Amino acid sequence: MGRNRTVPERERQVGEQGERGEQGRKNMVELRNVSKAYKNNILFTNLNLTVSRGDICGILGENGSGKSVLLKMICGFALPDAGEVFVGGERIEKGKFPRDIGVILDSTGFLPGETGLDNLLLLASIRGKAGRAQVEEAMRLVGLKPELEVPVGKYSQGMKQRLAIAQALMEKPSLLVLDEPLNAIDIKSVAYFRKLFRELNEKEGVTIILTSHYSQDIQELCRHTYDIHLLRAGL
């Protein structure tokens, strides 16, 4: 027989659940005392980071500095060695991923022999949250033609990045986690995408966390900015 919980124990658990629920309503992302090593390299020690709902924040740092690993922990693709990660008030654990999130990470995983539309339709079918109309709308929003009969393997790097942005947007998530989203985007289009992200945040309340090694992207878009080296130092 299982051990009966005492009244104080139950009250403590209820109190903790209530606290997490309140924090989840206020904070979109929270990392508590997170430590992480990768390939015997200590990246984070006792990292604490909170991103409020409706915020747009940037993480600045050069390539290889740990930005992508941090985003992977938020998305549930990597787990901390110690500490806790919460998204929308729910603890991220092995096999448990955020439910309302759009992501761009370092590898898109598109099928090179399929068109952009077919790639996105296949991805959309996994969760069933976006139909063909929503997929086509997202493609047009980023400047891609859904009817283009060209396999992704023949896309330019800029077109592949636009497709990655469309993939992140197509399910209309409340949280966007974007690793170098303007990489390979031509100079003339960078201003358009900055405006697009800003409008998603200001008009639709989408919380955005993005990384860049270009300080101008961070300065123009973000309300809060974090230096990855300070985060790694626990500052």
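About the cut-offs
- Residues numbered from 1 in each chain as written.
- Predicted model: local features only at pLDDT ≥ 70, side-chain atom pairs only at ≥ 80, totals over all residues.
- Heavy atoms only, no water.
- Pairing = 2+ DSSP bridges.
- Helix = DSSP H or I, 4+ residues; strand = E, 2+ residues; numbered from the N terminus.
- Axes fitted to C-alpha atoms, helices over the stretch in contact; angles between N-to-C directions.
- Buried < 20%, exposed > 50% of the residue type's maximum accessible area, 1.4 Å probe, protein only.
- Contact = heavy atoms within 4.5 Å.
- Phe/Tyr/Trp six-rings, centres within 6.5 Å; stacked < 30°, edge-to-face > 60°.

Peer 1: Explain the sheet that holds strand 3 (residues 56-60) residue by residue, including any values.
Peer 2: Read across the sheet, five strands follow the order 6-7-8-3-9 without closing on themselves; strand pairing throughout is parallel. This sheet does not close on itself; its edge strands, each paired only once, are strand 6 (101-104) and strand 9 (224-227). Neighbour to neighbour, the strand axes of the sheet diverge by 10 degrees on average, direction disregarded. Both strand 3 and strand 8 (residues 207-212) contribute to a ladder of five bridges, which runs parallel. Looking across to strand 8, one finds that Ile-59 is bridged to Thr-211.

Peer 1: Got a sec to walk through the pairing of strand 7 (residues 175-179)? Specific residues and values, please.
Peer 2: With five of its five residues buried, strand 7 lies for the most part within the structure. The side-chain alternation of strand 7 yields two buried faces, one formed by Leu-175, Val-177 and Asp-179 and the other by Leu-176 and Leu-178. Note: strand 6 against strand 7, four bridges, orientation parallel. Looking at the pairing, Ile-101 lines up with Leu-175 of strand 7.

Peer 1: Please provide a residue-by-residue account of the side chain of Asp-55, values included.
Peer 2: With respect to the secondary-structure elements, Asp-55 resides in the loop between strand 2 (41-52) and strand 3. Judged by relative accessible area, Asp-55 falls into the buried class, the value being 8%. Excluding anything up to four places from it in sequence, Asp-55 contacts Asn-201, Val-206, Thr-207, Ile-208, Arg-223 and His-224.

Peer 1: Can you break down the packing of aromatic side chains residue by residue, with the values?
Peer 2: Describing an aromatic ring pair means giving the distance of the ring centres and the angle of the ring planes. Evaluation of the coordinates by the stated rule reveals two aromatic pairs. Between the aromatic rings of Tyr-192 and Phe-193, the centroid separation amounts to 5.2 Å while the plane-to-plane angle is 80 degrees, which identifies the pairing as edge-to-face. Look at Tyr-192 and you get partly exposed, because its relative accessible area is 38%.

Peer 1: So what's going on with the sheet that holds strand 4 (residues 82-87)? Which residues, and what values?
Peer 2: Strand pairs in the sheet, formed through backbone hydrogen bonds, run parallel or antiparallel to each other. Here four strands make up an open sheet; going across it, the order is 2-1-4-5 and the pairing antiparallel. Edge positions in the sheet fall to strand 2 and strand 5 (90-91), since each of these pairs with one other strand and no more. Looking at chain direction, strand 4 and strand 5 are connected through two bridges and run antiparallel. Looking across to strand 5, one finds that Phe-86 is bridged to Arg-91.

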